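Structural characterization, general
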Amino acid sequence: MATNKTQERNKNQRRAPQRKGRSRRAAPEPVAPAAHRQIIINERKEETRIAIMEDHRLVELLVERESEERILGNIYKGKVTSVLPGMQAAFVDIGLDKNAFLHFSDVYPCLPDPDTDFGEEGPEVPEQPPESISDLLQKGQEILVQVTKEAIGTKGPRVTMHISVAGRHLVLMPGAAQVGVSKKIEDRGERSRVKAILEEVVELDGFGFIVRTAAQGKDPEEFTADAKHLAKTWERLNGEAESKSAPACLQKELTLTSGLIRDFFTSDIDGLVIDSKERFERIAAYLEDFAPDLRSKITLYEDEIPIFDCFEVERELEAALDRRVPLPHGGYIGIDHTEALVAIDVNTGHYTGRRDPEETILRTNLDAAREIPRQLRLRDVGGIIVIDFIDMEAEENRQKVLRELRAHLQRDRSRTKTLKVSEMGLVEMTRKRVGPSLMQRFSERCPCCGGEGRVLSRETVARRVEQSLIRSAVYLYESDVTLWAHPRLVDYLRTEHKSSLRNLKRLHGLSISLHGTEEMGLTGYKIVSRETGRDLTEKVWA
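Sequence order as written defines the numbering, with residues in each chain counted from 1. Under the rules for a predicted model, residues below a pLDDT of 70 receive no local features and side-chain atom pairs below 80 are neither given nor counted, while totals for whole chains, interfaces and linings still include all residues. To get the side-chain values, take all heavy atoms of the structure and skip hydrogens and water.

**Overview of the sheet that holds strand E23 (residues 480–485)**
- Strand pairing is assigned whenever DSSP identifies at least 2 bridges connecting the two strands. We count a stretch as a helix when DSSP gives it H or I for four or more residues in a row; a strand needs E for two or more, and each element gets its number in order from the N terminus. The sheet built from three strands is open, its strands ordered E24-E23-E25 with mixed pairing. The open sheet terminates on both sides in strands that have one partner only, identified here as strand E24 (511–516) and strand E25 (525–529). Sheet twist, expressed as the average angle between the axes of neighbouring strands with direction ignored, equals 20°.
- Looking at chain direction, E23 and E25 are connected through five bridges and run antiparallel. Across the sheet, Leu-483 pairs through a bridge with Ile-527, a residue of E25.
- Throughout, a contact is declared for two residues whenever any of their heavy atoms are within 4.5 Å. Inter-axis angles, ranging from 0 to 180 degrees, are taken between N-to-C directions of lines fitted to C-alpha atoms, where helices are fitted over the stretch in contact. Contacts from helix H12 (residues 487–496) reach E23 and E24 within the one sheet, and its direction differs from that of E24 by about 140°.

**Thoughts on helix H8 (residues 357–379)**
- A helix is expected to span 1.5 Å multiplied by its residue count minus one. Under the 1.5 Å per step criterion, the end-to-end length of H8 is 32 Å for 23 residues, consistent within 8% with the ideal 33 Å.
- Take the seven residues that end at a residue and the seven that start at it, fit an axis to each, and the angle between those axes is the bend at that residue. Maximum bend of H8: about 25°, positioned at Glu-371, with proline Pro-373 one to four residues after it.
- Within H8, 19 of the 23 residues are buried, which leaves the element mostly enclosed by the surrounding structure.
- With its phi angle positive at about 55°, Asp-380 sits one or two positions after the end of H8. Exposure classes here rest on a 1.4 Å probe applied to the protein chains alone. A residue is buried below 20% of its type maximum, exposed above 50%, and partly exposed in between.

**Brief notes about unusual backbone geometry**
- Residue Pro-247 is bonded to the preceding Ala-246 through a cis peptide linkage, with omega at 0°.
- Looking at where Pro-247 falls in the secondary structure, it is placed in the loop between helix H3 (220–243) and strand E14 (248–251).
- Of note in the backbone geometry, Gln-88 takes a positive phi value of approximately 50° without being a glycine.
- Looking at the element boundaries, Gln-88 is found in the loop between strand E4 (75–84) and strand E5 (89–93).
- At Glu-312, a position not held by glycine, the phi torsion is positive, near 60°.
- Relative to the helices and strands, Glu-312 is located in the loop between helix H6 (307–310) and helix H7 (313–318).
- In this structure Glu-312 comes out as partly exposed when scored by relative accessible area, which is 45%.

**Concerning the packing of helix H11 (residues 458–474) against helix H13 (residues 498–508)**
- Close contact between H11 and H13 brings their axes to 11 Å; oriented N to C, the two are set at 15°. In terms of axis orientation, H11 runs roughly parallel to H13. Pair H11 / H13 crosses with right-handed handedness. Between H11, through Arg-463, Glu-466, Leu-469, Ile-470, Ala-473 and Val-474, and H13, the contact on the second element is made entirely by Ser-500, Leu-501, Leu-504 and His-508.
- Each residue belonging to the contact of H11 with H13 can be placed in one class, and the counts come to six nonpolar, two polar and two charged. Throughout, the term roughly parallel applies to angles under 35 degrees, roughly antiparallel to angles over 145, roughly perpendicular to angles from 65 to 115, and oblique to all others. Left-handed describes a crossing whose near helix is turned anticlockwise from the far helix through less than a right angle; right-handed describes the clockwise counterpart. Three residue categories are used. Nonpolar comprises Ala, Val, Leu, Ile, Met, Phe, Trp, Tyr, Cys and Pro, charged comprises Asp, Glu, Lys and Arg, and polar comprises the others, including Gly.

**Quick notes on the pairing of strand E2 (residues 47–54)**
- In terms of residue burial, E2 counts as a mostly covered element, since eight of its eight residues are buried.
- Neither face of E2 is left uncovered, since the one carrying Glu-47, Arg-49, Ala-51 and Met-53 and the one carrying Thr-48, Ile-50, Ile-52 and Glu-54 both have all their residues buried.
- Taken together, the seven bridges between strand E1 (residues 37–43) and E2 define a ladder with antiparallel strand orientation. Across the sheet, residue Asn-42 finds its bridge partner in E2, namely Arg-49.
- What sits between the antiparallel neighbours E1 and E2 is a turn of three residues.
- With eight bridges joining them, E2 and strand E3 (residues 57–65) adopt antiparallel strand pairing. Paired with Met-53 across the bridge in E3 is Leu-58.

**So, the sheet that holds E2**
- Pairing is mixed across the open sheet formed by five strands, whose spatial order is E3-E2-E1-E15-E16. Because the sheet does not close on itself, it has two edges, and the strands there are E3 and strand E16 (298–300). Across the sheet, the mean angle separating the axes of adjacent strands is 15° when strand polarity is ignored.
- Strand contacts of helix H4 (residues 256–263): E1, E2, E3 and strand E15 (271–274), with the helix running at about 30° to E2, the strand carrying the most contacts.
- Packing of H8 onto the sheet brings it into contact with E2 and E3, and relative to E3 it is tilted by some 10°.

**Thoughts on the confidence of the model for the protein chain**
- In this model, the protein chain carries a mean pLDDT of 85, and residues with pLDDT of at least 70 account for 89%.
- Confidence scores here are pLDDT values: one per residue, from the predictor, ranging 0 to 100. For the protein chain, helix H1 (residues 2–14) is the element with the lowest average pLDDT, namely 38, and E15 is the one with the highest, namely 96.
- A low-confidence stretch, residues 1–28 stays under pLDDT 50, and its non-local contacts, those more than four residues away or across chains, total 48 contacts.

**Quick notes on the pattern of salt bridges**
- A side-chain nitrogen of Lys or Arg and a carboxyl oxygen of Asp or Glu constitute a salt bridge if their distance falls within 4 Å. Inspection of every chain in the model, using the stated rule, returns 35 salt bridges.
- Among the salt bridges present, the one from Arg-236 reaches Glu-240, with a minimum N-O distance of 3.0 Å. Of this pair, Arg-236 and Glu-240 both sit in helix H3, four residues apart, roughly one helical turn.
- Residues joined in a network through salt bridges with shared partners are Arg-37, Glu-54, Glu-60, Arg-377, Arg-411 and Arg-413.

**What about the pairing of strand E6 (residues 100–103)?**
- Across the two faces of E6 the burial differs, with Ala-100 and Leu-102 buried and Phe-101 and His-103 not buried at all.
- Turn length for the E5-E6 hairpin, with the two strands adjacent in sequence and antiparallel, is six residues, and the turn residue Gly-95 shows positive phi of about 90°.
- In this sheet, strand E9 (residues 158–160) lies alongside E6 in parallel orientation, the contact comprising two bridges. Bridged to Phe-101 within E9 is Arg-158.

Below is the structure:
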């Protein structure tokens, strides 16, 4: 049966040999122990969900829904709607609801990519860039741009004029005329080899290329084929750009699954399991042409048990948005989102250790340093992140925690930067953001609290209701009103404020009829004149 095969496959995966970790930095950095990595794909017509697992734990969740347009990586012909020298930025109409944001650094000069090695000569950077974006762009100008960050909240997407067209082994950069190699190819000898091959077999006639991680060990013929395919794609894009008026989409990025196979499915991945036969066959055909050595790593899942249940992904998803995350030894971390940053607090919880408080704190902080990078990836948290580790007296322990944090951040596909531990035990870091976080994608603003997480207490609302009733009698000369409020508030008024309501009748001659309705919300209420039927709620405070 398929279930037995799946169980046997999982046993084999647990015995998979460890491999050396990877580092993005040029200087030696600590690296977390190698992980067994697996991709689980649950595909339906309305939604595709992709789980990336490390050591059988969920570390990334990618979701594509039929009802939501995915624009990251799309290439557009856009029209500049405004140029703002004071912000060194421009806004570009690319045909979406919100105009795209274009910063000066995404126009000129071309800043070096920290994840790419351009050799000893370094990346080409013009010596004297213009001082203002207004020297480069004018309102109404039509330009080619590519989306680098999706719209988040009230902000539109971010775009760049530094277009790149990705293939399996190479990334084409029009106008660069230079070769770079991904720093994820750690072996310097292999970096030199692939760069030399590319410079030999490809004419850099107005094109630059970046060699991708998937190109490790590949033959010159595969470089040539990829380069020709990308050059033809760029010629087609140029042709469409000349014939179409702005705004227009010239090229859409691949679907989530196809893009992941092209960009992420390499020899580092131990296996891929998918529950769609049609998609399985497409992936198999693609790999036969571009990566035949990976064909044996994909498996079609055919069991009746949902694939995410079989691999225990669904259970982990249920806790993916919880504010509180438990740690192995009894401590926990709290994750709070604010407008400016994400704050992460580390606590010992019910873990008290045995004798040495410093040792207890160190162990909790180390647990947190391992779990926080996983949570950042799983929740796709980006921007500024502040981590409040528990205060430690020994500087050696602070450095140990920081090293552990950085080691586990090495597994993250998004670029991160971490500062040292401050005197107060705080660590400031950044993580590159290219789209909405899991929280933003999977939730919406609470209609009761407006996203604050708290509402006014019943006592506070009850007192405000009493003031409104008094004002309706004193200023509007009402003597008979109906109060509509949430049943929870109505019950509170009838029990806890019974005497107050009696006093309103005695002192102001006000007769009040209470009615509960869910439509008012927890803190909402409405006062209506029983004589005229008019709504008095706003008028009493006018």
